[in-house]
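The chain contents come next:
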Amino acid sequence: MDYTKNKKGALTMKVIIVKNDVEGGKEGYKVFADAKKNGAKTFGLATGSTPITTYQEIIKSDLDFSDSISINLDEYVGLPADSDQSYNYFMHKNLFDAKPFKHSYLPNGRAKDIEAEAKHYDEIIAENPIDLQILGIGRNGHIGFNEPGTPADSTTHKVALTQSTIDANARFFEHEEDVPRFAISMGLASIMQSKHILMEAYGEDKADAIKGMIEGPVTTDLPASLLQNHDNVTVIVDEAAASKLSGKY
Ligand SMILES: N[C@@H]1[C@@H](O)[C@H](O)[C@@H](COP(=O)(O)O)O[C@@H]1O
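Since this is a predicted model, take the numbers as computed values, not measurements. (Residues numbered from 1 in each chain as written. Predicted model: local features only at pLDDT ≥ 70, side-chain atom pairs only at ≥ 80, totals over all residues. Heavy atoms only, no water.)

## Some details on the overall build of the protein chain
- Across its full length, the protein chain carries 7 helices and 11 strands.
- Across the 249 residues that make up the protein chain, the buried fraction comes to 55%.
- Counting contacts in the protein chain only where the partners sit at least 6 residues apart, residues at least 24 apart contribute 78% of the total.
- Across the protein chain, the mean location of the 26 positive side-chain charges is 6 Å away from that of the 37 negative side-chain charges. (Helix = DSSP H or I, 4+ residues; strand = E, 2+ residues; numbered from the N terminus. Buried < 20%, exposed > 50% of the residue type's maximum accessible area, 1.4 Å probe, protein only. Contact = heavy atoms within 4.5 Å. Lys, Arg positive; Asp, Glu negative; His and termini not counted. Charge placed at Lys NZ, Arg CZ, Asp CG, Glu CD.)

In structure tokens:
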């Protein structure tokens, strides 16, 4: 375990390398438990397969979020209301049904006016500053749905998903053409405002993105690399996702 230096030479990312996602979930749980103990009230949550083991550990525990707020990163745009592919559905199934929060916010991907919804979501984030934000990473280094090239000062916005993300997400859908082409996502600036960021990544197909995030240049071509300029980031990766790192951690 060690720290990596950002461009300013400050110690930033705490990198924890684990055997697999099950071990990672236990470490992730500890980060949530510590945050709660230290008075965190608002938790930024993520979907995807990555945070599931952390959510499972939280569910098994006696952590109580009934006095906490959750704010999710993103949601697909335009899925049918009853879709079991929505991130709203995912969060209920994987966390909220077992561990209800006082209030849980997700962007409304079925809003008529997505721009107005984005503005409303930024107001929610401003009123509830995020104490701990959990993140996964896309194979192209995206965080939330902030694809390469997203401006660093972006707030919540509508996103056209890249083909790489559509392909990666197709595994969750019956047909590739069912994968939504648009989403609404917190922006990079919104994510960077969180007091503490927990990034988790598992598997070899995340190795390039993790290498760029920790050891590459800070560039919006790989949005997660911006995290080098945040002063409180914990990274939990398995050996496969860490396999391309050249520094000692
Ligand atoms: N919007 C989500 C991201 O929040 C997530 O980090 C990424 C990786 O997903 P997975 O964890 O399944 O690899 O997928 C989607 O694009």
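## Some details on the UniProt feature "active site" (unreviewed entry) in the protein chain
- Per the UniProt record, "active site" (unreviewed entry) is annotated on Asp-74, Asn-140, His-142 and Glu-147. Restricting the annotated residues just mentioned to those that line the largest pocket leaves Asp-74 and His-142.
- If you trace the backbone, Asp-74 turns up in strand β5 (residues 74-76).
- Not counting residues within four places of it along the chain, the set of residues in contact with Asp-74 comprises Thr-47, Tyr-87, Leu-106, Pro-107, Gly-144, Phe-145, Ile-184 and Ser-185.
- Among the polar contacts made by the side chain of Asp-74, one reaches the main-chain amide nitrogen of Phe-145 at a distance of 3.4 Å. (UniProt positions renumbered as here; feature names shortened; annotations may be inferred. 1 Å grid on protein atoms, 1.4 Å probe; cavity = no way out; pocket = protein on both sides within 12 Å on 5 of 7 lines; lining within 4 Å. Polar contact = N/O pair within 3.5 Å; in protein donor to acceptor, adjacent residues only side chain to side chain.)

## Remarks on the site of the ligand
- The ligand sits among 14 residues. The nearest are Ser-49, Thr-50, Asp-74, His-142 and Lys-206.
- In this structure, an oxygen atom belonging to the ligand sits 2.5 Å away from a side-chain N or O atom of Thr-50.
- Between the ligand and Ile-137 there is a distance of 3.4 Å, counted from an oxygen atom to a backbone nitrogen or oxygen.
- Protein chains shield 98% of the accessible area of the ligand, which is 390 Å² for the free molecule.
- More than half of the atoms of the ligand fall within 2 Å of the grid points belonging to the largest pocket.
- Looking at the shell around the ligand residue by residue, the classes come out as 3 nonpolar, 7 polar and 4 charged. (Near = heavy atom within 4 Å. Areas by Shrake-Rupley, 256 points an atom, 1.4 Å probe, with all protein chains shown as cover. Sits in = over half its atoms within 2 Å of the grid points. Nonpolar A, V, L, I, M, F, W, Y, C, P; charged D, E, K, R; others polar.)

## Considerations on the packing of helix α2 (residues 52-60) against helix α3 (residues 87-96)
- Packing of α2 against α3 brings their axes to within 9 Å, and their N-to-C directions diverge by 45 degrees. Comparing the axis directions of α2 and α3 gives the class oblique. Note on element contacts: α3 touches α2 through Phe-90, Met-91, Asn-94 and Leu-95, opposite Ile-52, Tyr-55, Ile-58 and Ile-59.
- Looking at side-chain class alone, the contact of α2 with α3 contains 7 nonpolar, 1 polar and no charged residues. (Axes fitted to C-alpha atoms, helices over the stretch in contact; angles between N-to-C directions. Parallel < 35°, antiparallel > 145°, perpendicular 65-115°, else oblique.)

## A few points about the sheet that holds strand β9 (residues 182-185)
- Pairing is antiparallel across the open sheet formed by 3 strands, whose spatial order is β5-β9-β8. Each end of this open sheet is capped by a strand with a single partner; those strands are β5 and β8 (157-160). Pairs of neighbouring strands in the sheet enclose a mean axial angle of 25 degrees, with direction left out of account.
- Sheet topology note: the β8/β9 ladder contains 4 bridges and is antiparallel. Directly across from Val-159, in β9, lies its bridge partner Ala-183. (Pairing = 2+ DSSP bridges.)

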